[in-house]
Each structure stands twice: as structure tokens, then as C-alpha cells.
Amino acid sequence: MTRAERVSRNLNRALHALFAADERAWLLGEDVADPYGGAFKVTQGLSTAYPDRVLSTPLSENGITGVAGGLALCGDTVIVEIMFGDFAGLAFDPILNLITKSVAMYGERTPMRVVIRCPVGGGRGYGATHSQSPQKHFIGIPHLALYELSPLHDAADVLAAALRRDEPAMLFEDKVLYTRRRYVDGRVDDRLAFELRGTDGNWARVHDPDATGAPTLVIAPGGVADRAIAAATRAAERGRTVEVLVPARLYPVDVDGLRDLLDGAHGVIVAEESTAGGTWGSEVAARLHAEAWPLLRGPVELVSSADRVIPSAPHLERTVLLGTEAILDRIMRLPAAVPVPRTDSSPAGPPPPDPTSAAPSGVPVDVPRLNPNDDSYVLLEWLVADGATVEAGEPVAAVETSKAIEELAATQAGVLRQDVAAGADCAPGAPIGRILPAPVPLPAVPAPVPQPAVPAPVPPGRPLPPAQRRIADVVATSHREIPVAFTAVRVDVTAALAYARRAADETGAAVGLTEVVIAAVAALHERFPALYARLTDDGLILDAEAPSIGLTVDVGTGLFLPVIRDAAGLDLGDLADAVVALRMKALRGRLREEDMAGMNLLVALNDTPGVTVARPIIPPGVTCALSVPDVHREVVLDGDGGVRERTVADLGLAYDHRLVNGAQAGAYLAALGDALQR
């Protein structure tokens, strides 16, 4: 497939094309001029190419939008950037009472070519006032159309469609999309294809061309589209056919573009990141019920984020925002599609098997919904062995939610059978085991009368959280088995930081010092193979064929070590994408064993402000761990006796002394320092 550009680069290119074609186009917004180019770098290069038509404004959304209305009344085209969509509320008055009303309140229709761009959505830890999805608050304003950027639509086509109406529009841009690549060539992946359909290619239909059966339709805009696609993929593994429909225009809702897909669909779900109540999804449902009810097999279902303020802490944020698991849960809650009954006179044959009849015998041990904000839990441990006899009410398993550990009790006496292994994810309502009837016991010899037991004293304190127990086990094993040495070196990272900024500008990816260090570490594999090797249980040295670099991700409730495989083969943009993807999976609790396997060198991030030196732990099976602390400035003498300021980081290397000696460690750090200073 064609290598796709990133969504932010695609939008930037669309804006450049608009300004080249329209000499009366303006861009207004806070910090939109170069070299900053907007908070998310979408407007880079525009002020350099069109200095008289790109204006960085004061911090006044009301004023910016009011000026845009005046320019539009004069016949100009205006693009407004609201730095964060949360602040669109400050522009509500000019949107409601000036820009939109001006289309029709002067006795004749007046073109008002204004597009108000709003970065929206969470998932980046920006907190309560920088993470909202306020689209629903602008639905129903006469002459105002709402659009949303997606990885399936070309931004130039979306802008053109919005401006062709000669009426104001708002373009919502989910922030999680900016660094992601678009889907092109009609393919999402090896299994899923997509097509654009409807007026202006408004609807993107993501489907499996080889799937059979009545599909469940999931309507999901913008940044929710990828979550819906992931849910559809997982639903397919459970025997469900799911198609994802992604609109470019949210409002007015294009029902005509959906009619032929609704005919024969098993059900319809609308997924959006805003909170429930008066939502875009409600508008979609109302329109479909009013105009396409004969085509529906049931009411349209809605799924949204929790009705709460969005926290900054990543582990709390993901309990509030709509995620893949919530969409999947709503898909699987729909009754499975059933075959249409025969209407001819031919023998019907035996009835189809009941899908529940193949279920294992016994009373299931189900996972109840313990926390309404969690879409899945972790089965920490079985408290009773497989095959053991249990009594009704006896605790049999411990399940970890995002807030606590809960014990699950047997609902009846019998023999426990474990169907899910400890450590696995489990969804609310899903069975993890069974209780079979206990065999009839033989007559027992009367037992002696038990003496009253003296209760053991309960020690003070509280138990160590499970995630911290796992970390403690790794640290204890490392200290017990690995003879660790440690060397640190101060490195001038001024050039590396400048290189990261240039790479971020060129690729549109979130490139920083971390990515530059990982790239340099991967590039040194061939020169220093011993630092990437591992010691087998037989005492043999096994060299790594390619550098697979692990990095530390602290999500607040635990430390994870995901791995970037074959890191030397990735450019900085792709490397940054891989880092972001792993961090997001960790934040959402979706890391799997395969995401954390195969590491042969660890980059430990200890960049808490003020931390200048850190000694990392070497995970078992790895020879070296490199710590990257916070950077700091220092003043040094230059060669002419003058002084200059530089930015430095004290990189530390912990190494297994069985495979690496001090001279090798020093040479490695020197080579790494040279690479970062070029």
C-alpha cells in the first residue's frame, strides 16, 4: 500500500492548497504564525508563505471569531483556529448571533465562508479543560454545519465540501489523530477495506469484503473511528460481522447515505466521545427513527464517555473516556443474528443447533460488573485450585478493577473448574470458570469434636497493590541474579533536541529526546553486540539478531516495559508513532505479553523534573539498561575562554558485569554521546 501521510500533515497541505487557490483566504488564531505554527503544528509554513493573511491573535476566542465574521461579511474566506476546542464556548456568542445569522438576516442570502477549527478529545492527559468533545453543544444552530476530521477522509475534500456551502462550519479535529497516518488505497489493513460513499464521499464504510451475515453497523466519527475498528476486529474473532461507518459531516445528518446499508443490518450503534445527553448520537438516532424506521431491526443504541469531568491522570482518564472495550461490549450485548425462517414448502430439515447448548456443563463463575467505568478487569489469581471442592459463598478468585481488588464467591457448592488462566483479562458478565456437581461422598468416619480455634492476630498495615507486587518481583529477581555495575556520563543534548524539533516539524510525529535516544541506541547494536546479548540458562551468550528496545511506561498504577522491535529499521517518525502507540496501549490497559516480549536493551525514562542521575534496574534476560533523566542547563567555558550555555543529560548505563566490563560500558556511552551531539 502507499505510505500514507499523517493526519496533521494532510490538513496542513489542505490549508496550503486553499491559500494558494484563494487570494482572499485568511487564517486567524492564537500562535498560528511561524515558527510555532499552532499548538499542534497544523498551520506551519502558512505565515511564511502568506504573511499578510495569517494573523496570530490575542487570547480572545470571542474577538477572533467576531473578526472572522466581519471578514466573511466582506466576502473573504476565513479559517479560525481555536487552540483547544474546549474554548469554543467563549466564541459561542459570535457563532450563534453573528456568523450564522448573517447568512439570512439581511434581506438576501449572504455567503459566510468561515470554518472554525477545533482540536478536541482526550487521551493525552491534558485534563478537564483541554480534553472535552463539545460537538453536541453546536447541533441545531441554523446555517451551521459540523464536520469532523478522520483518518479515512482527505482534509482537502472536507474543507472544500464545507466551503462550497457558503455557510459557516466548524471542523472538529480529535487530537489523538494528528500524529497517526491516514488510511489510503481503500485498505485499513490486510482484512478490512474501506470505501467512500454518499454526497461528497461523506460516509467512509469500513468492512470485511469476505464477511457474511447481517452486519452490526457502528457509526463512529473522528478519533473514535479507530477504537470502533478495533472493536469490530475483536468482535469478528467472536463470530460477529461488524461494519464501521465514519462521517465527515456530523450535522446536518446525511440519512440518505445510510439507507442502503441499513436495509438488512442486524443493529445500529452510535459511538462518540462526548458525554451522554443531547448528543450528536441522539440526533442520528432521532433522524434514523423518523426517516428510516422500516429498515431498522431495533432501536439505535448509543454509547458515550462517562458523565464525569475528565481527569489528567492517565489511569483515571481512561476510566472516563469511551474506549474500545465499551464499544465491543455494546456490540456483543446485541442478540446474535439468527437465520431468516424458511418460507417454501421444502423439508426444513433438523432445527439449527442452539448456540448455548455447546456451553460447558456446570454453573458458570461469572465476573459481575464491579466498576461501572471499567470495560475489563484482570483475573489476578485463583484462590482455590482447579478441581477442588468449594462451598457456596466461598471465595474462589480475585479480580482487579481500576480501583480495587474484589473476591468472587461460589454461588453453590461443588467442584471448581478453571476456564481462564490467572493474569488474563476478563470482561464484565463473562464466565471464567464452572462449578460442577460434587460427587456423592462415602459415609465418613465421625470426626472428633473440633476445639475452638484461637484466631490469629491480624498484623497491622495494608497489602501491597498487585501491580507493585509484580514490579517488586522483577526488582528482587534482578538484584538476586544479576551482578550489576553502573556508569554515568554527561552528554550535551543541545543538538539532539534541535534535531528532534526539526524531525517533528518534517514528519508531523511527536518526536522528542526519547525517540532520538532510542534511535541512537538501536544504531549502536552492530558496533556493541555484547550489550544487546543475553546469557542463557546454560551459561552461553546469545547475540541479538536485531535491536529490540524496551522503554519504561509509568501509568500511575504500575510500570510497564513495552518493546519496539527491530528499532534500527524505523525512521524517527515511525519510531515516534511506535512509542505513542505503546504508551496509549499501556494507558488504556491493553498491553499484551507480545508487546513486552523480545527486549534486548532497556531505555529507562527517569525524566521527572529535577532528576539528574538515575540508576535503572536491569530486567531479567537483558544485559543493559540505559537511564535518560531530566535535562538541565549548565554554563561551560568554550575554547576561546568565553562562556556558553548548553543543555545536558547525565545518561547512566547499568550493565551485567558477566557480559560487559567497564571499558566496554565507557566506550558505549562515549559513542552514544557522539551520536547525540552530531
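A brief look at the structure comes next. Computed from a predicted structure; not experimentally measured.

1. Section: the overall build of the protein
- The helix and strand inventory of the protein stands at 15 helices and 32 strands.
- Taken over the C-alpha atoms alone, the protein extends approximately 100 × 95 × 50 Å along its principal axes.
- Counting across all 678 residues of the protein, residues that qualify as buried make up 49%.
- Sequence-distant contacts, at least 24 apart, represent 71% of the contacts inside the protein between residues at least 6 apart.
- Working note: accessible area of the protein is about 31,600 Å², and carbon and sulfur atoms make up 56% of it.

2. Brief notes about the sheet that holds strand S8 (residues 203-207)
- Pairing within the open sheet is mixed, and its six strands lie in the order S7-S8-S10-S9-S12-S13. The open sheet terminates on both sides in strands that have one partner only, identified here as strand S7 (193-197) and strand S13 (301-305). Direction aside, neighbouring strands of the sheet carry axes that sit 25° apart on average.
- Summarising the sheet, strand S12 (residues 267-275) and S13 pair through four bridges and their orientation is parallel. Within the sheet, the bridge partner assigned to valine 270 lies in S13 and is leucine 302.
- Packed onto the sheet, helix H8 (residues 280-291) meets strand S9 (216-219), strand S10 (242-247), S12 and S13 and runs at close to 155° relative to S12.
- On top of the sheet, helix H10 (residues 324-333) reaches S9, S10, S12 and S13; it is set at about 160° to S13, its chief contact.

3. What about the layout of surface pockets?
- In this structure, the second largest pocket encloses a volume near 480 Å³.
- If you go around the second largest pocket, you meet 17 residues; those closest to its centre are Arg238, Met332, Ala427, Ala430 and Pro431.
- Listing elements by their share of the lining of the second largest pocket, those giving two or more residues are H10, strand S20 (425-426) and strand S21 (431-436).
- If one sorts the elements of the lining of the second largest pocket by residue count, H10 sits on top with five residues.
- Tallied by class, residues from the lining of the second largest pocket come to nine nonpolar, one polar and seven charged.

4. Concerning the sheet that holds strand S14 (residues 363-366)
- Spatially, S14-S21-S19-S16 is the arrangement adopted by the four strands of the open sheet, whose pairing is antiparallel. The open sheet terminates on both sides in strands that have one partner only, identified here as S14 and strand S16 (389-390).
- Across two bridges, S16 lies against strand S19 (residues 414-418) in antiparallel orientation. Each residue of the ladder has a partner; that of threonine 389, found in S19, is valine 415.

5. Section: the side chain of serine 131
- Here serine 131 is to be found in the loop between strand S4 (114-120) and strand S5 (145-148).
- Every residue in contact with serine 131, bar those within four places of it in the chain, is listed here: Asp86, Gly121, Gly122, Tyr126, Lys175, Glu273, Ile310 and Glu317.

6. Re empty space enclosed by the protein
- A full pass over the atoms with the stated rule returns three cavities of 30 Å³ or more.
- What the largest cavity holds in volume is close to 110 Å³.
- Along the wall of the largest cavity there are 14 residues; nearest its centre are Gln135, Glu148, Pro221, Glu272 and Glu273.
- If one sorts the elements of the lining of the largest cavity by residue count, S12 sits on top with three residues.

7. Focus on the pattern of salt bridges
- Enumeration according to the criterion identifies 37 salt bridges in this entry.
- Arginine 592 is the salt-bridge partner of aspartate 425, the closest N and O atoms lying 3.1 Å from each other. Taken together, the residues span a long stretch of sequence, with aspartate 425 in strand S20 and arginine 592 in the loop between helix H14 (572-587) and strand S29 (601-606) at a distance of 167 residues.
- A salt bridge links arginine 646 to glutamate 634; the nearest nitrogen and oxygen atoms lie 2.6 Å apart. Of the two residues, arginine 646 is situated in strand S32 (residues 643-656) and glutamate 634 in strand S31 (residues 632-637); the sequence distance between them amounts to twelve residues.
- Arginine 646 gets classed as buried once you look at its relative accessible area, which sits at 18%.
- The network of salt bridges with shared partners includes Glu195, Arg197, Arg205, Glu243 and Asp260.

8. Quick notes on the pairing of S7
- Bridging between S7 and S8 involves five bridges; their strand directions are antiparallel. The partner of alanine 193 across the bridge, within S8, is histidine 207.
- Hairpin connection between S7 and S8: a loop of five residues separates the two successive antiparallel strands, and glycine 198 in this loop has a positive phi of roughly 85°.

9. What about unusual backbone geometry?
- Going from aspartate 34 to proline 35, the amide bond is cis rather than trans, its omega being 5°.
- Position of proline 35 relative to the elements: it lies in the loop between strand S1 (25-29) and helix H2 (46-49).
- Look at the link from tyrosine 251 to proline 252: it is a cis peptide, with omega at -5°.
- Backbone geometry at lysine 41 places phi at a positive 65°, although glycine is not the residue there.
- Residue position: lysine 41 is located in the loop between S1 and H2.
- In this structure lysine 41 comes out as partly exposed when scored by relative accessible area, which is 30%.

10. Regarding the packing of helix H6 (residues 224-237) against H10
- In contact at an axis separation of 8 Å, H6 and H10 are set at 50° when each is read in the N-to-C sense. By the angle between their directions, the pair H6 and H10 is classed as oblique. Of the two possible hands of crossing, H6 and H10 adopt the one that is right-handed. Residue-level contacts link Val224, Arg227, Ala228, Ala230, Ala231, Arg234 and Ala235 of H6 to Thr324, Glu325, Ile327, Leu328, Ile331 and Met332 of H10.
- Counted by class, the contact of H6 with H10 contains nine nonpolar, one polar and three charged residues.

11. Digging into the packing of helix H1 (residues 7-21) against helix H5 (residues 155-164)
- At a minimum axis separation of 8 Å, H1 and H5 run at an interaxial angle of 50°. Compared by their axis directions, H1 and H5 come out oblique. Of the residues in H5, those touching H1 at Asn10, Leu11, Ala14, Leu15 and Leu18 are Ala155, Ala156, Leu159 and Leu163.
- Among the residues making up the contact of H1 with H5, the classes are represented as eight nonpolar, one polar and no charged.

12. A short note on the packing of aromatic side chains
- Taken as a whole, this structure holds nine aromatic pairs when the rule is applied.
- A centroid spacing of 5.4 Å and a plane angle of 50° characterise the contact between phenylalanine 92 and phenylalanine 138, whose relative ring orientation is tilted. Of this pair, phenylalanine 92 sits in helix H4 (residues 92-99) while phenylalanine 138 is found in the loop between S4 and S5, placing the two residues 46 residues apart along the sequence.
- The partly exposed category is assigned to phenylalanine 92, whose relative accessible area is 29%.
- For phenylalanine 138, a relative accessible area of 2% gives the class buried.

13. A few points about the environment of leucine 46
- By secondary structure assignment, the location of leucine 46 is in helix H2.
- Accessibility expressed as a relative area gives 0% for leucine 46, which makes it buried.
- Separated by 194 residues in the primary sequence, leucine 46 and arginine 240 have C-alpha atoms spaced 47 Å apart.
- The residues contacting leucine 46, other than those within four sequence positions of it, are Leu15, His16, Phe19, Leu27, Asp34, Pro51 and Val54.

What counts, and where the lines are drawn
For every chain, the first residue of its written sequence is number 1, and the numbers climb from 1 along that sequence. The predicted nature of this model means local features are confined to residues of pLDDT at least 70 and side-chain atom pairs, given and counted, to a pLDDT of 80 or more, with totals for whole chains, interfaces and linings taken over all residues. Remark: hydrogens and water are excluded; side-chain values derive from all non-hydrogen atoms of the structure. The secondary structure listing takes helices from DSSP runs of H or I that are at least 4 residues long and strands from runs of E that are at least 2 residues long, numbered from the N terminus. Each residue is placed in one exposure class: buried if its accessible area under a 1.4 Å probe, protein chains only, is under 20% of its type's maximum, exposed if it is over 50%, and partly exposed if it falls in between. For this analysis, residues touch if any pair of their heavy atoms sits within 4.5 Å. Where accessible areas are quoted, they stem from the Shrake-Rupley method and a 1.4 Å probe; at the residue level, only the protein chains shown are allowed to cover. Only strands joined by at least two bridges in the DSSP assignment are considered to pair. Only the contacting stretch of a helix is used when fitting its axis, a line to C-alpha atoms as for every element, and angles between N-to-C directions run 0 to 180 degrees. Grid spacing is 1 Å over the protein atoms alone, the probe is 1.4 Å, and a cavity is where that probe fits but cannot get out, while a pocket is an open set with protein on both sides within 12 Å along at least five of seven lines and lining residues have an atom within 4 Å of a point. Grid points are joined across faces, edges and corners, and a volume is the space filled by probe spheres set on the points. Amino acids are sorted into nonpolar (Ala, Val, Leu, Ile, Met, Phe, Trp, Tyr, Cys and Pro), charged (Asp, Glu, Lys and Arg) and polar (every other residue, Gly among them). Put simply, a salt bridge is a Lys or Arg side-chain nitrogen that is within 4 Å of an Asp or Glu carboxyl oxygen. For classification purposes, an angle smaller than 35 degrees is called roughly parallel, one larger than 145 roughly antiparallel, one from 65 to 115 roughly perpendicular, and anything else oblique. We call a crossing left-handed when the near helix sits turned anticlockwise from the far one by less than a right angle, and right-handed when that turn is clockwise. Two aromatic rings, drawn from Phe, Tyr or Trp (for Trp, its six-membered ring), form a pair once their centres lie within 6.5 Å of each other, and the interplanar angle then sorts them: stacked below 30 degrees, edge-to-face above 60, tilted otherwise.

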